[in-house]
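# Structural characterization, general
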Amino acid sequence: MTTMILKPLEGLMVLDFSQFLSGPSAALRLADLGAHVIKIERPDGGDLCRRLYISNLELDGDSTLFHSINRNKESVSANLKDPGDLEFVRKLIASADVMIQNFRPGVMEKIGLHYEAVKQINPRIVYGEITGYGKTGPWAGKPGQDLLVQSLSGLAWLNGDAAQPPVPFGLAVADMYAGAHLVQGILACLVRRGITGTGGLVEVSLLESILDFQFEVLTTHLNDGGKTPERSGVNNAHAYLGAPYGIYATSDGFIALAMGSIIELGKLLRCEALERFSDPKSWFTARDEIKMILRDHLQTGSTSHWLSLLTPADYWCSDVLTWTELLKHEAFQTLQMTQTVARQNGAQLHTTRCPIRIDRELLLSDQGSPKIGEHNDKWRKEVAERT
């Protein structure tokens, strides 16, 4: 059931020219906040993400990835190289509040839909664009793909243990953070437009977003003489944090230990070997030695046993759940974090909801992702009536 809350961005029109993850994730968040989002897609295949499969899973002819990141949107198909279609799109732009694109630098300039051209059509528009590495410099034309950006940014050297090669995140973190940063910039420009009446250009790149993601540790590197990150050789979870920070095997599962006193931990776990590390500096300098002691000790008891000792003392720890375990847990169910969306033909997808609450209300919509060009007739009629 769609909530009846008046969402903050209701009444705003967003044209989403973007593909794959970063731009569409930004448009999705704007849609969740109430904006009317229209995907502008190629007639022959549409957004390439429609065929970007995760585990070969698809629904109603499109990848579940496409469905999950393009729910709550409409679709208009247009060949931007065709003068008639391009003119139709220009008329849509004239009425839009926001436009998003994530093509490589130069592509929209060739079509004539770059910011300077669009601003002439609609001075109030907020134009958001995502590139891989910025619009200048030696990497400007390089493919803006998440794994490549993670690898170039230094991020992969923070993951895994010291003896392992660079380890990337198991998620498209550069795409997701760039999308979130684009939304922040777009919302800021919409606020400014409400004051000044003029729109603006918002630019983010995958590389800049993933560098910002590392701001804490990169700032340390910039101020400690340029030392390289030192990943722990044992159960590494953060290259810049001392013991006990990490995930450890128990006799029947795993337990996560965050920051805390090694002395206190030794007493709580009844592990005397830890109590000799009385100097807090040693918790980093002797990090691997401490972690090896912990690793061996924690394997002698169950996860529930260790949690029963640590949790009452408010020592920062947790179980390490699988998705199956998480979805059954009362804490997850209390959040009401999932929703079901559907296409006009009845095809349904169980997916996550917007994580934001407004005025204590969830932001829900049961509108699924669109078919390519599903809303062509609606918007061509709308444009014809306006002109």
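That block above? That's the structure.
Each chain has its residues counted from 1, following the order in which its sequence is written. Note on the predicted model: pLDDT of at least 70 is required for a residue's local features to be given, and 80 or more for side-chain atom pairs to be given and counted; whole-chain, interface and lining totals, by contrast, use all residues. Derived side-chain values reflect all non-hydrogen atoms in the structure, with water molecules and hydrogen atoms excluded from consideration.

## A closer look at the pattern of salt bridges
- Here, a salt bridge means any side-chain nitrogen of Lys or Arg that lies within 4 Å of a carboxyl oxygen of Asp or Glu. Applying the stated rule across the entire model yields 20 salt bridges.
- Across the salt bridge formed by Glu203 and Lys135, the nearest N and O atoms sit 3.9 Å from each other. Taken together, the residues span a long stretch of sequence, with Glu203 in strand 8 (residues 200-205) and Lys135 in the loop between strand 7 (126-131) and helix 6 (146-153) at a distance of 68 residues.
- Only protein chains enter the calculation, and the probe is 1.4 Å; a residue is then buried if its accessible area is under 20% of its type maximum, exposed if over 50%, and partly exposed in between. Residue classification places Lys135 among the partly exposed positions, given a relative accessible area of 39%.
- Between Glu382 and Arg386 there is a salt bridge, with the nearest N and O atoms lying 3.0 Å from each other. One end of the pair, Glu382, and the other, Arg386, are both in helix 16 (residues 376-386), 4 residues apart, so they sit about a helical turn from each other.
- Shared partners join several salt bridges into a network, and the residues in it are Glu41, Arg50, Asp60, Asp62, Arg343 and Lys371. Numbering of helices and strands starts at the N terminus; helices are DSSP runs of H or I of at least 4 residues and strands are runs of E of at least 2.

## Remarks on the packing of aromatic side chains
- Under the pairing criterion, centres of Phe, Tyr and Trp rings, with the six-membered ring standing for Trp, must be within 6.5 Å; the plane angle then separates stacked pairs below 30 degrees from edge-to-face pairs above 60, leaving the rest tilted. Taken as a whole and judged by the stated rule, the model has 4 aromatic pairs.
- Aromatic side chains Phe169 and Phe213 sit 5.9 Å apart centroid to centroid with 65° between the ring planes, which places their arrangement in the edge-to-face category. Taken together, the residues span a long stretch of sequence, with Phe169 in the loop between helix 6 and helix 7 (173-196) and Phe213 in helix 8 (residues 206-213) at a distance of 44 residues.
- Linked through ring pairs, Phe169, Tyr177 and Phe213 together constitute an aromatic cluster.
- Any Lys NZ or Arg CZ that is within 6 Å of a ring centre and within 35 degrees of that ring's normal is treated as a charge sitting over the ring. A cation over a ring is seen here: Arg287 above Phe284, with NZ or CZ 4.6 Å from the ring centre.

Shape is all these values report; function is a separate question.
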